[in-house]
Amino acid sequence: MVRGARQPQQPRSRLAPRLTGTVEKPPRKRKSRTEFALKEIMSSGGAEDDIPQGERKTVTDFCYLLDKSKQLFNGLRDLPQYGQKQWQSYFGRTFDVYTKLWKFQQQHRLRTSETSYLNEAFSFYSAIRQRSYYSQVNKEDRPELVVKKLRYYARFIVVCLLLNKMDVVKDLVKELSDEIEDYTHRFNTEDQVEWNLVLQEVAAFIEADPVMVLNDDNTIVITSNRLAETGAPLLEQGMIVGQLALADALIIGNCNNQVKFSELTVDMFRMLQALEREPMNLASQMNKPGMQESADKPTRRENPHKYLLYKPTFSQLYTFLAASFKELPANSVLLIYLSATGVFPTGRSDSEGPYDFGGVLTNSNRDIINGDAIHKRNQSHKEMHCLHPGDLYPFTRKPLFIIVDSSNSIAYKNFTNLFGQPLVCLLSPTAYPKALQDQSQRGSLFTLFLNNPLMAFLFVSGLSSMRRGLWEKCQEYLRKINRDIAQLLTHSRSIDQAFLQFFGDEFLRLLLTRFVFCSATMRMHKIFRETRNYPESYPQLPRDETVENPHLQKHILELASILDVRNVFFENTIDDY
């Protein structure tokens, strides 16, 4: 699901889980872990149907090389710790296998944004849990084995979060809590505080949503925010839009004090979900009437490749950006999502160039006080630990779609399209009304609108819970609003053509319609009265035809009426400006 190497250590709990890691070496005459994993993966329901034969062979070959490299490396331990000549041949063989493994990884990127691989990981971890693989660990006086068990739980939780299996997450969190309590009671180790921090992080993460959807028995409904079959508004027949497709996305998180888990902030997680399709089981699709013929076999729907960068340095961010730019296929789009603390210009400048408005913060070793970076320097110099708009200019040689969620997002409004390629920037408000500011730790309101617009609408309307039936009714009405917004954009005579160039891609079309809905809602809301409370874009949208369109305003008031919150919005919005 995620393509991109894990970044060097940033300030974080050293026990925060990762999706990969070493496992305990098995006895030599038993089946290897990879064989066990493959057996569980291939025997899981529907998983095999979703994975082509060629990709399964790639996984098998990789596991073989991985096992071989581990065997040779472990074999080095058995060699005598004296002499020189007897080591040479063994070192050579081990080095050769590791070289093959490295080349294989370069040639076959196994992390391809396919949710089927996450489903495989879920099947594997579920098998471990169902078979009580770690049941004997607590009977042994070996804290290192207990840590392996705790790490297993943490990794399993990450996989379930990414698959939106929140019901399983809650069960795992309870089990992890019990295991940590037992671990801290039995062993007086130095990592007790850090494991409790991991538990607090995941508990805060799963409670970040500001609104609960409830069944009639008051159980919480798990909602999915991935792109469904009917999620994006359909294009009108004969409508001419660009044929660009979203291929790569860089999702960057560097907000201070925001809830996170496993180097994944709430904002990053929400944008990740917004760029995923709802998983489709091809086997069940083939059983539908009229789908038996080979010519009618549904095409595999690809998700865009994604790099997740948590608090990257400028060098790390630029390296991944350059790699993604280099590998971007023809007629494809690169999306950059920036959720980061704003960096503002120091002093006054005689010019107004792409490095004179500040930007967003990248990671450095400087001090952080009350969420603000303290870094004294000559005011005539530009901030070096900042991603300025000008830093992105080289990458505008290809279609670029930028989303900036920051207190200085407005800096990216000062773009210049130097190369004539499609370029759009969606920019968050730079400040929110005081009544909403204390919610920033649970994620940005702007990103929530792009991920789950109905939940964001409920939140700004002062609602914290809703019955499932009413939720589904509002979702249906919101789909109608999205369809009308799409028509407003495509029928506009003064809209910049860059927006329409991106409109052929389902993900980008949905993001654009949600952006317009977000902007229109905030402009109609009674507590959003300052200009800095509103989203902006580059190029600018024609307000009278989009975000201030009377037809759209009427729809928003109708949605508010369904929820009985019409009183928080202005009725005659245009006259109130």
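Residues numbered from 1 in each chain as written. Predicted model: local features only at pLDDT ≥ 70, side-chain atom pairs only at ≥ 80, totals over all residues. Heavy atoms only, no water.

The strand order β5-β6-β9 describes an open sheet built from three strands, whose pairing is antiparallel. Only two strands of the sheet have a single partner each, and these edge strands are β5 (342-343) and β9 (386-387). Both strand β6 (residues 359-361) and β9 contribute to a ladder of two bridges, which runs antiparallel. Each residue of the ladder has a partner; that of leucine 361, found in β9, is cysteine 386. (Pairing = 2+ DSSP bridges. Helix = DSSP H or I, 4+ residues; strand = E, 2+ residues; numbered from the N terminus.)

Counted according to the given criterion, the structure contains 19 salt bridges. One salt bridge connects glutamate 472 with arginine 468, and the closest N-O pair in it is separated by 3.1 Å. In this pair, glutamate 472 and arginine 468 both sit in helix α14 (residues 468-491), four residues apart, roughly one turn of the helix. Classification of arginine 468 as partly exposed rests on a relative accessible area of 38%. Of the charged contacts, one joins aspartate 484 and lysine 480 as a salt bridge, the two residues approaching to 3.9 Å between their closest N and O atoms. Of this pair, aspartate 484 and lysine 480 both sit in helix α14, separated by four residues, roughly a single helical turn. A network of salt bridges, in which partner residues are shared, links Glu140, Arg142 and Glu144. (Salt bridge = Lys/Arg side-chain N within 4 Å of Asp/Glu carboxyl O. Buried < 20%, exposed > 50% of the residue type's maximum accessible area, 1.4 Å probe, protein only.)

End to end, helix α5 (residues 143-162) covers 29 Å across 20 residues, agreeing with the expected 28 Å (1.5 Å per residue, within 8%). Where burial is concerned, most of α5 is hidden: 16 out of the 20 residues are buried. A positive phi of about 65° marks asparagine 164, the residue just after α5. (Expected span 1.5 Å × (residues − 1).)

Taken across its ten residues, strand β2 (residues 245-254) has nine buried, putting it largely inside the fold. As paired elements, β2 and strand β4 (residues 332-340) share nine bridges and run parallel to each other. Bridge pairing in β4 places asparagine 254 opposite alanine 340. In this structure, β2 lies alongside strand β3 (residues 305-310), joined through six bridges in parallel fashion. Within the sheet, the bridge partner assigned to alanine 249 lies in β3 and is lysine 306.

With the rule as written, the count across this model stands at one cavity of 30 Å³ or more. When its volume is computed, the largest cavity comes out at roughly 30 Å³. Leu234, Leu235, Glu236, Met239, Ala486, Gln487, Thr490 and Phe503 together form the lining of the largest cavity. Tallied by class, residues from the lining of the largest cavity come to five nonpolar, two polar and one charged. (1 Å grid on protein atoms, 1.4 Å probe; cavity = no way out; pocket = protein on both sides within 12 Å on 5 of 7 lines; lining within 4 Å. Points joined across faces, edges and corners; volume = space filled by probe spheres on them. Nonpolar A, V, L, I, M, F, W, Y, C, P; charged D, E, K, R; others polar.)

It is worth spelling out the pairing of strand β11 (residues 423-427) at this point. Where a strand is regular, its side chains alternate between the two sheet faces. Most of β11 sits out of view: five of its five residues are buried. A two-sided burial pattern is seen for β11, the buried positions comprising Leu423, Cys425 and Leu427 on one face and Val424 and Leu426 on the other. With five bridges joining them, strand β10 (residues 400-405) and β11 adopt parallel strand pairing. Bridge pairing links isoleucine 403 to leucine 426 in β11. Judged from the three bridges that link them, β11 and strand β13 (residues 536-538) form a sheet pairing that is antiparallel. Bridge assignment links cysteine 425 to a residue of β13, and that residue is tyrosine 538.

Moving on: the sheet that holds β3. Across the sheet, which stays open at both edges, the six strands sit in the order β3-β2-β4-β10-β11-β13 with mixed pairing between neighbours. Here the strands that pair on one side only, and so sit at the sheet edges, are β3 and β13. Pairs of neighbouring strands in the sheet enclose a mean axial angle of 10°, with direction left out of account. Against the sheet, helix α10 (residues 314-327) engages β2, β3 and β4, with an angle of about 175° to β2. (Axes fitted to C-alpha atoms, helices over the stretch in contact; angles between N-to-C directions. Contact = heavy atoms within 4.5 Å.)

Once that is clear, we can look at the packing of aromatic side chains. Summed over all chains, the structure comprises 21 aromatic pairs. Aromatic side chains tyrosine 125 and phenylalanine 156 sit 5.6 Å apart centroid to centroid with 35° between the ring planes, which places their arrangement in the tilted category. Residue tyrosine 125 is found in helix α4 (residues 115-130), and its partner phenylalanine 156 is found in helix α5; the two are separated by 31 residues along the sequence. Given a relative accessible area of 12%, tyrosine 125 falls into the buried group. A network of ring pairs unites the aromatic residues Phe122, Phe124, Tyr125, Tyr133, Tyr134, Tyr152, Tyr153 and Phe156 as a single cluster. (Phe/Tyr/Trp six-rings, centres within 6.5 Å; stacked < 30°, edge-to-face > 60°.)

Counting residues in each nonpolar core, the largest one holds 120 residues, and the members touching the most others are Ile157, Leu275, Leu335, Phe401, Ile403, Leu445 and Phe517. At 13 residues, α5 tops the list of elements feeding residues into this core. If sequence neighbours within four positions are ignored, phenylalanine 401 has contacts with Val333, Leu334, Leu335, Ile336, Val424, Leu426, Phe502, Leu508, Leu511 and Leu512. Ranked by size, the runner-up nonpolar core spans 29 residues in total, among them Leu309, Ala340, Phe415 and Tyr538. (Core = buried A, V, L, I, M, F, W, Y, C linked by side-chain atoms within 4.5 Å.)

In this model, tyrosine 538 is joined to proline 539 through a cis peptide bond whose omega is -10°. Checked against the element boundaries, proline 539 lands in the loop between β13 and α17 (550-562). For lysine 311, which is not glycine, the phi dihedral falls at a positive 50°. With respect to the helices, strands and loops of the structure, lysine 311 is situated in the loop between β3 and α10.

Nothing here speaks to function; it is geometry throughout.
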